[in-house]
Amino acid sequence: MAERIDGKAAAADLRGRIAEETRVLKEKTGVTPGLAVILVGDDPASRVYVQNKKRGCEEVGFYSRSFHLPADTGMEALLDLIRTLNGDEAIHGILVQLPLPAHLDEKTVTEAIAPEKDVDAFTYANVGRIVSGDFDLVPCTPAGIMALLSIYGVSPDGKHAVVVGRSNIVGKPMALLLLHQNATVTICHSHTKNLKEICREADILVAAVGKPRFITRDMVKEGAVVIDVGINRTETGLVGDVDYEGVEPLASKITPVPGGVGPMTITMLLQNTLTAAKRAAEREKP
Ligand code: GUN
């Protein structure tokens, strides 16, 4: 029987600490962390995520603004809003919810965000810092996973970590964060040969493929730590990328879906916003 990694409890604990640090920052510097979230269009899943981000901000005492723009918003209007927020001293973090409608180029939009306010850590400047290991803004989902590993006493040092999925949002930064903590890292993707054999070598297996129950029992080594990033909406409800029932008896620790990685993601967004606000306060009063 695997130990269940309780992301909900870990997130609640971390949010308590963020709230306390926010209170201290306000008291000492007068700075209230501020997050602006921009949603373009009406994707129902994105609406829920944006609402949860707003609620998370309120919970820890941040200032938050949300901008809901129509689906036919033009590039210039969106870039204008980002430029205004870049210059707004009350805002320390800017997040543009992805995916954007097809007529808006995601890279151009992301790059318009000032790197010091890029709380997703998606800009090339922040990606470069993550590659070199000199960063303080971290992509939220991988950061949440690293926090869970630490809380549950799993050190990546010397372990073989296998990351299934190579997205810019999760797979690639996940691999880098594990590497920075001295794991031996393999990244697998849709063209990988011998996927099953490679996964079976993992001490830490991170599934970020976006396919329901893709990781099955025969792909997992006994005693592995299994992290499920998947949020797949199926007819039977929300399921992860891991076949939980099949894999759980083999694993030493495993994240459930929901209640595993998910609650940590927004928590790390709050953490990044707090970090950005602290840096801004330091710039004002060195
Ligand atoms: N859409 C899905 N995940 C994310 C995320 O982490 N950040 C943003 N901005 N959009 C997303």
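Residues numbered from 1 in each chain as written. Predicted model: local features only at pLDDT ≥ 70, side-chain atom pairs only at ≥ 80, totals over all residues. Heavy atoms only, no water.

Participant: Break down the overall build of the chain for me, with residues and values.
Facilitator: Of regular secondary structure, the chain possesses 10 helices and 11 strands. Expected size for 286 residues packed as a compact globule is a radius of gyration near 19 Å; at 19 Å, the chain falls within 12% of this value. Summarising its shape, the C-alpha atoms of the chain cover approximately 50 × 45 × 35 Å along the three principal directions. Relative to its 286 residues, the chain shows a buried fraction of 49%. Working note: accessible area of the chain is about 13,400 Å², and carbon and sulfur atoms make up 52% of it. Taken as two groups, the 32 positive and 37 negative side-chain charges of the chain have centres that lie 2 Å from each other. (Helix = DSSP H or I, 4+ residues; strand = E, 2+ residues; numbered from the N terminus. Rg over C-alpha atoms; globule rule 2.2 N^0.38 Å. Buried < 20%, exposed > 50% of the residue type's maximum accessible area, 1.4 Å probe, protein only. Areas by Shrake-Rupley, 256 points an atom, 1.4 Å probe, with all protein chains shown as cover. Lys, Arg positive; Asp, Glu negative; His and termini not counted. Charge placed at Lys NZ, Arg CZ, Asp CG, Glu CD.)

Participant: I'd love a proper account of helix α3 (residues 75-86), names of residues and values included.
Facilitator: If you check α3, its first and last C-alpha atoms are 16 Å apart, about what 12 residues at 1.5 Å a residue would give, namely 16 Å. Those residues of α3 that fall on the buried side of the exposure criterion are L78, L79, L81, I82 and L85. Take α3 and look down its axis: the buried residues cluster within an arc of 155°, on one side only. Residues of α3 that are buried sit in contact with β2 (34-40), β3 (63-69), β4 (93-96) and α4 (106-111). (Expected span 1.5 Å × (residues − 1). Arc of directions from axis to C-beta. Contact = heavy atoms within 4.5 Å.)

Participant: Which residues make up the packing of helix α1 (residues 7-29) against helix α2 (residues 44-60), and what are the values?
Facilitator: One way to put it is that α1 packs onto α2 with a least axis distance of 8 Å and a crossing angle of 55°. Judged on the interaxial angle alone, α2 and α1 are oblique. Contacts between α1 and α2 pair R15, I18, A19 and T22 from the former with G56, E59 and V60 from the latter. Across the contact of α1 with α2, the residue classes tally to 3 nonpolar, 2 polar and 2 charged. (Axes fitted to C-alpha atoms, helices over the stretch in contact; angles between N-to-C directions. Parallel < 35°, antiparallel > 145°, perpendicular 65-115°, else oblique. Nonpolar A, V, L, I, M, F, W, Y, C, P; charged D, E, K, R; others polar.)

Participant: Let's hear about the sheet that holds β3: which residues, and what values?
Facilitator: Read from one edge to the other, the open sheet built from 3 strands follows the order β3-β2-β4, with strand pairing classed as parallel. Edge strands, defined here as strands with exactly one partner in the open sheet, are β3 and β4. Shown here is a sheet whose adjacent strand axes are inclined to one another by a mean of 15°, direction ignored. Most of the contacts of α2 go to β2, to which it runs at about 170°, and overall it touches β2, β3 and β4. α3 contacts β2, β3 and β4 of the sheet and is inclined by roughly 180° relative to β2. (Pairing = 2+ DSSP bridges.)

Don't take any of this as a statement about function, it's just geometry.
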